[in-house]
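# Inside the fold
If you want the building blocks of each chain, they are given just below.
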Amino acid sequence: MPVAARRGSALVVLAAVAGPGLLAGLSDDDAPGITTYSIIGADYGYQLLWVLALSTLALIVFHEVGARVGLVTGQGLTGMIRDRYGVRAAAFAVLALVVANVGTTCGEFAGVAASLEPAVPRWISVPVAAAGVSLLVLRGSFHRIEHILLVLSTVFATYLVSAVLAHPDWSAAGRGLVVPSIPLTGSALLAATACLGTTLAPWGLAFIQSYAVDKRLTPDDLPYERIDVCVGAIMTGVIGAAVVIACAATLHQSGTSIKDASDAAGALRPLAGDLASSLFAAGLLGASLLAASILPLSTAYSVCEALGDEAALDDPFSDAPTFYISYAVIVCVAVAIVLIPGAPLVQILFLSQALNAVLLLPLLVFIARIAADTQVMGRHASGRFASAAAWGTIVLIGVCVSTTLALGLL
Amino acid sequence: MLTLTALLHEPVLDVEGRPIGHARELIADAGASPPVVTGMIVGGRRVALGTATPLTAGDAVPRGDLLLVRDLLDVQVLDRSGRHRGRVGEVELGRGSEGALVVSAVETGLRPVLARLGLRRLARRAPADRIPWAHLHPQVGRAHAFSAELHDPPRRFHRVMRARRRPPR
């Protein structure tokens, strides 16, 4: 076959395979993600950019592992844990996933509330958003609006332009990216932990594996899926870095700390001027609604998979009660927490991501062990390099989490 | 009815009635249909069923290549069209034609999961589907999966039954 034709067919295959890595990666730039990166930039300037770089590397390592396990076994994460380690281990993993995902779903609804306040009070915006996304997802028309929400959330790509227009100190940014340093304070450690937890979110790991299975990808697609994972993770890291740099060049310079969404919108002022708040609110709303749609759905699938009681969206309630009850419980608990009078929305967004990092650890251990298991993965089992990268990431997150816990910050 | 997970909780005794530990795995001869349980793994050693004594070096290793915990418990069950139909939550054991212990069926659904998690009250009210061994086939080319001849998926069967119970108009 001519080289050009071969290249052409490779691009067609790549386009067909692409999706799990891109979606799972880009969905990390959701409301809690943007808030966490904004706080890091506003409070610590460029100093913690290296944490984001490490988080992006960890994202590449574990999304590749998750996609590979999905492609080879044809099973989702919690189902695979039950297969290898039994029903108790699966129940433990599901519990960690549910707690983490309820926290992040709280973050998404807090994002909805923050983007519309003070024009719309949260006791109206949050229940309406919850009912709206639930109806859209459960009635099966979710795929129609998925693209609209995805486009809306790409507003955050404007941070790339804003970061340049804010005239940042590029040498300081470069130093922050490659020279690891951290103020030895509890809040800096908490910020680093939240950065890891939001970039490598537990729900993203479950989602990428399930989505790879859902697309019926096979081990032959692995080289293309690796490109998909790398592109998705790097785009996430670049947008995250742009948010940190934009906030460092604007909010950190002026000594502004982020207490609500309008403070975070200040970083878009070099690009959008007085429209910064509206632009930020639109992006926050789109990203929040998109993630608020996917998260409960992904969690309900994980619960059902572990229980061996799998369901599809077109099943009636009588056939799939576990699925619908799981979905409803996650949405209702998240809405109830956000509606607690006087609940600090930005703090909820930020702390839910630190909690993610804690609950991430047991899930990563399961994934790393399954990926290295030759009985399950055959010739696709992790080699020495992949295993070392996975366990290195686990140790890094473990050190961050245990130090933060030791300081009593979580 | 004897089940795999119940058996794993029972102590294994030697011929003199002394406990030698708990079985971590049951070994069955997959060549037979239904598979005949030939031994178990106790404390990392293979023990032939019937002799009830720990094997020492030089003893015959029990025949069989189907490890019930590793290869059967918690693996997925697909129907003939490849659609996921649940996971094996429990393995039912029975007596074969010559009194040998055999794998007679598997149970899928919520009931065995809840029972294994110790939630027995909830388990009693939860649904479960029993699939006889004769209807199960290992999935070719896919480890950790069995396909089953589920012509009438049980849930749909219940729905048909409910529909039939409606009074005619």
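Quick notes on the rules
Residues numbered from 1 in each chain as written. Chains lettered and ligands numbered in written order. Predicted model: local features only at pLDDT ≥ 70, side-chain atom pairs only at ≥ 80, totals over all residues. Heavy atoms only, no water. Helix = DSSP H or I, 4+ residues; strand = E, 2+ residues; numbered from the N terminus. Buried < 20%, exposed > 50% of the residue type's maximum accessible area, 1.4 Å probe, protein only. Areas by Shrake-Rupley, 256 points an atom, 1.4 Å probe, with all protein chains shown as cover. Core = buried A, V, L, I, M, F, W, Y, C linked by side-chain atoms within 4.5 Å. Phe/Tyr/Trp six-rings, centres within 6.5 Å; stacked < 30°, edge-to-face > 60°. Contact = heavy atoms within 4.5 Å. Buried area = accessible area lost by both parts, 1.4 Å probe. Salt bridge = Lys/Arg side-chain N within 4 Å of Asp/Glu carboxyl O. pLDDT = per-residue confidence, 0-100. 1 Å grid on protein atoms, 1.4 Å probe; cavity = no way out; pocket = protein on both sides within 12 Å on 5 of 7 lines; lining within 4 Å. Points joined across faces, edges and corners; volume = space filled by probe spheres on them. Nonpolar A, V, L, I, M, F, W, Y, C, P; charged D, E, K, R; others polar. Patch = residues over 30% accessible without salt bridge, like charges linked within 9 Å, V, L, I, M, F, W, Y side chains within 5 Å. Axes fitted to C-alpha atoms, helices over the stretch in contact; angles between N-to-C directions. Parallel < 35°, antiparallel > 145°, perpendicular 65-115°, else oblique. Left-handed = near helix turned anticlockwise from the far one by under 90°. Polar contact = N/O pair within 3.5 Å; in protein donor to acceptor, adjacent residues only side chain to side chain. Expected span 1.5 Å × (residues − 1). Pairing = 2+ DSSP bridges.

### Regarding the overall build of chain A
A tally of helices and strands in chain A yields 19 helices and zero strands. When the 410 residues of chain A are sorted by exposure, 58% land in the buried category. Within the structure as shown, chain A displays about 15,700 Å² of accessible surface, and the carbon and sulfur contribution to it stands at 69%.

### Some details on the nonpolar core
In terms of nonpolar packing, the biggest core is built from 69 residues, with Tyr46, Leu49, Phe109, Tyr159 and Phe280 of chain A touching the most fellow members. When residues of this core are assigned to their parent elements, the largest contribution, eleven residues, is made by helix α12 (residues 222–252) of chain A.

### With respect to the packing of aromatic side chains
Residue and element names in this part refer to chain A. For the structure shown, the criterion picks out four aromatic pairs over all chains. An angle of 40° between the planes, with centres 5.6 Å apart, marks the rings of tyrosine 85 and phenylalanine 366 as tilted. Placement of tyrosine 85 in helix α5 (residues 77–116) and of phenylalanine 366 in helix α17 (residues 345–371) is noted, with a sequence separation of 281 residues between them. What links up through ring pairs into an aromatic cluster is the set Tyr301, Phe323 and Tyr324.

### Looking at the interface of chain B and chain A
Tallying the contact residues gives 21 residues for chain B and 25 residues for chain A. Buried area between chain B and chain A, both sides added, is near 1,900 Å², and the carbon and sulfur share of it is 42%. Linking chain B with chain A are one salt bridge, by the criterion used here. Put simply, the parts of the chain that give the side of chain B that touches chain A at least two residues each are β8 (84–87), α3 (110–116) and α5 (154–165) of chain B.

### Remarks on the confidence of the model for chain B
All names here are of chain B. Across chain B, pLDDT averages 73, with 73% of residues at or above 70. When the criterion is pLDDT under 50, residues 51–61 qualifies, and its contacts beyond four places in sequence or with other chains add up to 19 contacts. Model confidence for the complex: the whole-complex pTM is 0.81, and ipTM, which rates the interface, is 0.77.

### Things to note about empty space enclosed by the protein
All names here are of chain A. Under the counting rule described, the total for this entry stands at two cavities of 30 Å³ or more. Taken as a whole, the second largest cavity encloses approximately 40 Å³ of empty space. Lining of the second largest cavity is provided by Val65, Ile367, Ala368, Ala371, Ala372, Ser382, Ala386, Ser387, Ala390 and Trp391. In terms of residue count, helix α19 (residues 384–406) provides more of the lining of the second largest cavity than any other element does, four residues in total. Of the residues contributing to the lining of the second largest cavity, the split by class is eight nonpolar, two polar and no charged.

### Some words on the layout of surface pockets
Over the atoms, a rolling probe the size of a water molecule traces out where space has been left empty. Empty space within the second largest pocket amounts to approximately 970 Å³. What lines the second largest pocket is a set of 32 residues, among which Thr5, Leu8, Val69, Leu73 and Arg116 of chain B lie closest to the centre. Those elements that place two or more of their residues in the lining of the second largest pocket are α5 of chain A together with α1 (4–9), β3 (19–29), α2 (68–72), α3 and α4 (120–125) of chain B. Looking at the lining of the second largest pocket, the element that brings in the most residues is α5 of chain A, giving seven residues. Here the lining of the second largest pocket is built from residues that sort into eleven nonpolar, seven polar and 14 charged.

### What about a nonpolar patch on the surface?
All names here are of chain A. Nonpolar side chains collect at one region of the surface, where Phe317, Ile325, Val329, Val333, Ile337 and Ile340 lie side by side and expose about 510 Å² of accessible area between them. Structurally, isoleucine 325 can be placed in helix α16 (residues 321–338). Residue class for isoleucine 325 comes out partly exposed when judged on its relative accessible area of 47%.

### Focus on the packing of helix α4 (residues 49–73) of chain A against helix α9 (residues 170–178) of chain A
All names here are of chain A. Packing of α4 against α9 leaves a shortest axis separation of 6 Å and a crossing angle of 50°. Between α4 and α9, the crossing angle belongs to the class labelled oblique. Read as a crossing pair, α4 and α9 show a hand that is right-handed. Contacts between α4 and α9 involve Leu49, Trp50 and Ala53 from the former and Ala173, Gly176 and Leu177 from the latter. Broken down by class, the residue content of the contact of α4 with α9 amounts to five nonpolar, one polar and no charged.

### Observations regarding the side chain of serine 115 of chain A
Residues and elements named next belong to chain A. As for its placement among the helices and strands, serine 115 is situated in helix α5. Polar contacts involving the side chain of serine 115 include one to the main-chain carbonyl oxygen of valine 112, which spans 2.8 Å. Those residues in contact with serine 115 that lie beyond four places of it in its chain are Ala281, Leu284 and Leu285.

### Some details on helix α11 (residues 202–214) of chain A
Residue and element names in this part refer to chain A. The first and last C-alpha atoms of α11 sit 18 Å apart over 13 residues, in line with the 18 Å expected at 1.5 Å per residue. Those residues of α11 not exposed but buried are Pro202, Trp203, Gly204, Leu205, Ala206, Phe207, Ile208, Gln209 and Ala212. Arginine 216 occupies a position one or two residues after α11 and carries a positive phi of about 55°.

### Focus: the pairing of β3 of chain B
Residues and elements named next belong to chain B. The pairing of strand β2 (residues 11–13) with β3 spans three bridges and is antiparallel. What sits directly across from valine 12, in β3, is glycine 21. As consecutive antiparallel partners, β2 and β3 are separated by five residues, and within that stretch glycine 17 has a phi angle of approximately 85°, a positive value. By the bridge criterion, six bridges tie β3 to strand β4 (residues 36–42) in an arrangement that is antiparallel. By the bridge assignment, alanine 28 is partnered in β4 with valine 37. Connecting β3 to the next strand, β4, in antiparallel fashion are six residues. The pairing of β3 with strand β6 (residues 66–67) spans two bridges and is classified as antiparallel. Bridging from a neighbouring strand, alanine 28 pairs with leucine 66 of β6.

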